[in-house]
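Fold and geometry: a report
If you want the building blocks of each chain, they are given just below.
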Amino acid sequence: MRWSRWCSADELAGVYVLGEHGVMLRQLRLGHGHGDRIEVLAGLDDGERIAADPAAAARWLAAQRRGATP
């Protein structure tokens, strides 16, 4: 997973996961960085997709919770 270099090992972070039933905010436990990538120790399964635009995903999730169509 690509990540900014300011993250340190063993931090909790959040990402928006795109699933069959919409968008969900998920906490991740991060491990060590490797160049511009960081290992994910917990919180994601192989093959899950994350939102490339977190702001758009947050708006979509807020609309979904209000019962509106995003």
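Everything below is about the structure shown above.
So, how was this worked out
- Residues numbered from 1 in each chain as written.
- Predicted model: local features only at pLDDT ≥ 70, side-chain atom pairs only at ≥ 80, totals over all residues.
- Heavy atoms only, no water.
- Helix = DSSP H or I, 4+ residues; strand = E, 2+ residues; numbered from the N terminus.
- Buried < 20%, exposed > 50% of the residue type's maximum accessible area, 1.4 Å probe, protein only.
- Contact = heavy atoms within 4.5 Å.
- Areas by Shrake-Rupley, 256 points an atom, 1.4 Å probe, with all protein chains shown as cover.
- Pairing = 2+ DSSP bridges.

On a plain count of helices and strands, the protein comes out with one helix and four strands. Across the protein, helices and strands are ordered from the amino to the carboxyl terminus as β-β-β-β-α. Considering the protein as a whole, with its 70 residues, one finds that 24% of them fall into the buried category. When contacts within the protein are restricted to residue pairs at least 6 apart in sequence, long-range pairs at least 24 apart make up 39% of them. Per element, the accessible surface of the protein, about 5100 Å² overall, is 51% carbon and sulfur.

Here we come to the pairing of strand E2 (residues 22–34). With four bridges joining them, E2 and strand E3 (residues 37–42) adopt antiparallel strand pairing. Within the sheet, the bridge partner assigned to Arg-29 lies in E3 and is Ala-42. In this antiparallel pair of consecutive strands, E2 and E3, the connection spans two residues, and Gly-35 shows a positive phi of 70°.

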